[in-house]
Structures are given as C-alpha cells and as structure tokens.
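# An overview of the molecular structure
Here is how the chains run, residue by residue.
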Amino acid sequence: MIHIKTPEEIEEFKVAGSLSKAVLRRAGRMVRPGVTTREIDQVVESFIRLHGAVPGFKGLYGFPASICASVNEEIVHGIPSERMLVEGDILSIDTGATAGGWVGDNAWTFFVGTPSPEARALCEVTLDCLKAGIEQAVPGNHIGDIGHAVQTLAERNGFGVVREYVGHGVGRVMHEDPNVPNFGKKGRGVKLQVGMVIAIEPMITLGTFKNHTLANGWTVVTNDGKPAAHYENTVAITKDGPVILTQDAEGPWCSLQGGE
Ligand code: MG
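Quick summary incoming for the structure in this document. Computed from a prediction, not measured in an experiment: that's the story for all the values here.

About the criteria used
- Counting restarts for each chain, with residues numbered from 1 along the sequence as it is written.
- In keeping with the predicted nature of the model, local features appear solely for residues at pLDDT of at least 70, side-chain atom pairs appear and are counted solely at 80 or more, and the whole-chain, interface and lining totals rest on all residues.
- Derived side-chain values reflect all non-hydrogen atoms in the structure, with water molecules and hydrogen atoms excluded from consideration.
- Shown as donors are all N, O and S atoms within 2.8 Å of a metal ion, widened to 3.2 Å for Na, K and Ca; because water is not in the atom set, sites may appear incomplete.
- In this text, helices come from DSSP runs of H or I with a minimum length of four residues, and strands from runs of E with a minimum of two, each type numbered from the N-terminal end.
- Burial classification: accessible surface area is computed with a 1.4 Å probe over protein chains only, and a residue below 20% of its type maximum counts as buried, one above 50% as exposed, and the rest as partly exposed.
- Within 3.5 Å is the distance limit for a polar contact, defined as a pair of N or O atoms, with the added protein rule that one can donate a hydrogen and the other accept it, and that residues adjacent in sequence qualify only through two side-chain atoms.
- By definition in these notes, contact holds between two residues if any of their heavy atoms fall within 4.5 Å.
- A pair of strands is considered paired only if DSSP assigns at least 2 bridges between the two.
- Angles here are taken between N-to-C directions and fall from 0 to 180 degrees, while the axes themselves are lines fitted to C-alpha atoms, restricted in helices to the stretch in contact.
- By nonpolar core is meant a set of buried Ala, Val, Leu, Ile, Met, Phe, Trp, Tyr and Cys residues that side-chain atoms within 4.5 Å join together.
- Whether two aromatic rings pair depends on their centres lying within 6.5 Å, for rings of Phe, Tyr and Trp, where Trp uses its six-membered ring; planes under 30 degrees apart make the pair stacked, over 60 edge-to-face, and the rest tilted.
- By the criterion adopted, a ring carries a charge over it if an Arg CZ or a Lys NZ lies within 6 Å of its centre and within 35 degrees of its normal.

## Structural notes on the coordination of the magnesium ion
Summarising the metal site, the magnesium ion is bound by the protein donors Asp105 (OD), His168 (NE2), Glu201 (OE) and Glu232 (OE), whose distances to it range over 2.1 to 2.3 Å. Of note, the donors binding the magnesium ion are all from one chain and are spaced D-x62-H-x32-E-x30-E. Taken together, the residues span a long stretch of sequence, with Asp105 in the loop between β6 (102–103) and β7 (106–111) and Glu201 in the loop between β11 (197–200) and β12 (203–205) at a distance of 96 residues. Each member of the pair, Asp105 as well as Glu201, carries the same accessibility label: buried.

Dropping the structure here:
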C-alpha cells in the first residue's frame, strides 16, 4: 500500500530529511585514511541523539549500527567494524534519522584520499544516475521511468546495475511501497502521484552487478571484487516536480571528497 503524504506532512518530513543530510555530512567529514568505520558510526549515533532524533537504521531488521559502511567491493549493508580506511578506498555511507515521526534516508560514496581513476569515474556516473532518476520523479511518470533513466546512464558508461537491492517508498517507516528499481522500462510500473515520497538510490558496479552476501548475513559484495558506488536521496513528488527532502542549508549533495 502506498501512503500519500499531504503538503503539510511533506513540510514536517523536511525536518527529518535535513537532519539526515546533516548526519551524512558529519559522517563524511570523518572519512580519511586511518579512521575505522566503527568510529564513524559512533560519532553518527551521538550526533543523531544529540539532535533529539533516533537513528533510522539501528535495530532495523536487526541491523546493529546507525550507518551502513560499505568499502570498495561492498555494495550495501556493510557493518561498521575495526576495519581501518586506507588511502584509495571508496566508502559508501547509508544513514538516516527519524525525527518528528518521519524517516530520512540518504547515502553517499566518499573518497578516502585519492581513489583510482576507475573508482572516481564510477562515483561520478553513479551520482549522475541519481540526478537522472530524480529528474523523472514527476507526477504522471511511472516508476519504470526512474529505473530506465538510471540504467541507461550506467550501462552507457559500461557499468553494472544491481538488481536485488532497490529504492523504496519512505515515510513513517523506512521501507514503504512501492519498490523503486534502478532498472526498468519507460512507462512501466506504478504511476507517480503528488504526495508520494520515495528513496531513489542507484547502486552501480564497476564490473559485474552479480553479488552475494557475506557470512555475517548483511554485507553485500560484488562477485568479481570490483568496487561499487551508492548515492541516495529521499524525494517528494509534488505538483511542482521532485523536491529532495534530504537537504540542509548546504543543499542536497555532499562533496565527493571525504575529510574535514
Ligand atoms: Mg534507502
């Protein structure tokens, strides 16, 4: 069932959205060689709670942390650990906060120092895929238009589109209907209506999009060990077009770089 939000509810939602973007920025400012993903998670959890909000991910389906931290070949759902970031890594952080009863959800792939040219290109294209998907989030379009835009751009650049993990409706809980795949055909799927709020989140791979889950039951990695990138915003569909809810005073994007 798709929950349609009123204009007043979307205004309320912006509080959770802007905090979620601030959380992602706070996390990103810590990204540098020598930092562990657990240290980032601990700072993020404190940051969220200091703002009177609740981590959106901690405890969700039993996930143990406030961020998903996925390094290099890890696509999504990486568990923060003692793993120390090293020069040249890329780190995808997916995080969000529940505030005022609404859930914000956003993700960004940060550079740890200077990534390889291939990893940099992957990140730049994946961010462009997110932007292309958001452009399609207008009333009267279909879910398939979003996936088609993402898939076309990714594959034109020779990259892979993960099939098993997709975007989603978002509201008072993290995952609502409908699913928002990063692949699809124009004009197919659920018709987009004013008041829908969706998380658009391309997960794009340098090599194969085929993947598997590690023995910890969470971390999804590429089968060929090549890197993956992941960018996400929570977006409201309004009569005036897409409105990105996960934005703060600095806007809806982070820097591609990590580091303070
Ligand atoms: Mg999401």
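That shown, we press on.
## Side note on the side chain of His230
Relative to the assigned elements, His230 resides in strand β15 (residues 228–230). Separated by 2.8 Å, the side chains of His230 and Glu201 make a polar contact. In this structure, His230 is in contact with Ile75, Val76, Ser92, Asp94, Ala107, Trp108, Thr109, Thr126, Glu201, Pro202 and Met203, ignoring residues within four places of it in sequence.

## Topic: the sheet that holds β7
The strand order across the open sheet formed by 3 strands is β2-β4-β7, and the pairing between neighbours is antiparallel. Bordering the open sheet on either side are β2 (67–71) and β7, each of which pairs with just one other strand. Taking the axes of each pair of neighbouring strands and ignoring which way they run, one obtains an average angle of 20° across the sheet. Helix α1 (residues 7–29) rests against β4 (90–95) and β7 of the sheet, and its axis sits at about 20° to β7. Packing against the sheet, helix α3 (residues 117–135) makes contact with β4 and β7, and its axis sits at approximately 155° to β7.

## Here we look at unusual backbone geometry
Among all residues save glycine, negative phi is the norm, and among peptide bonds the norm is trans. In the segment running from Asp177 into Pro178, the intervening peptide bond is cis, with an omega of -5°. Among the secondary structure elements, Pro178 is positioned in strand β10 (residues 176–180). One non-glycine residue, Asn72, lies in positive phi territory at about 55°. Residue Asn72 is classed as buried on the basis of its relative accessible area of 19%. Despite not being glycine, His77 has its phi angle at roughly 65°, a positive value. Within the secondary structure layout, His77 lies in the loop between β3 (74–76) and β4. Overall, the relative accessible area of 25% leaves His77 in the partly exposed class.

## Section: the environment of Gly88
Assignment of secondary structure puts Gly88 in the loop between β3 and β4. The partly exposed category is assigned to Gly88, whose relative accessible area is 29%. Considered as a pair, Gly88 and Ile4 are 84 residues apart in the sequence and their alpha carbons are 42 Å apart. In this view, Gly88 contacts Val112, Thr114 and Pro115; residues no more than four positions away in its chain are not counted.

## Quick notes on the nonpolar core
The nonpolar side chains of a soluble globular protein tend to be buried with one another. Val31, Ile40, Leu91, Ile93 and Ile200 are the most contacted members of the largest nonpolar core, which has 71 residues in total. Grouped together as the second largest cluster of nonpolar side chains are 6 residues, Val76, Val162, Met203 and Ala228 included.

## Regarding the sheet that holds strand β14 (residues 220–222)
In a beta sheet, neighbouring strands pair by backbone hydrogen bonds and run either parallel or antiparallel. A sheet is described by the order of its strands in space; here 3 strands give the open sequence β3-β14-β13, paired in antiparallel fashion. What marks the edges here is a single partner per strand, and that holds for β3 and β13 (211–213). Averaged over neighbouring strand pairs, the angle between their axes works out to 40° when direction is ignored. In terms of strand pairing, β3 meets β14 through 2 bridges, oriented antiparallel. Across the sheet, residue Glu74 finds its bridge partner in β14, namely Val221.

## Re the environment of Ser81
Inspection of the secondary structure assignment puts Ser81 in the loop between β3 and β4. Considering only alpha carbons, one finds Ser81 and Thr234, 153 residues apart in sequence, at a separation of 27 Å. Those residues in contact with Ser81 that sit more than four places away from it in its chain are Thr36, Thr37 and Arg38.

## Observations regarding the packing of aromatic side chains
Summed over all chains, the structure comprises 3 aromatic pairs. The interplanar angle of 25° and the centroid separation of 5.1 Å between the aromatic rings of Phe13 and Trp102 together place this pair among those described as stacked. On the criterion of sequence distance, the pair formed by Phe13 in helix α1 and Trp102 in strand β6 is long-range, its members being 89 residues apart. Between the NZ or CZ atom of Lys131 and the centre of the ring of Trp253, over which it lies, the distance is 4.9 Å. The lysine or arginine in question, Arg172, covers the ring of Trp102, its NZ or CZ lying 3.9 Å from the ring centre.

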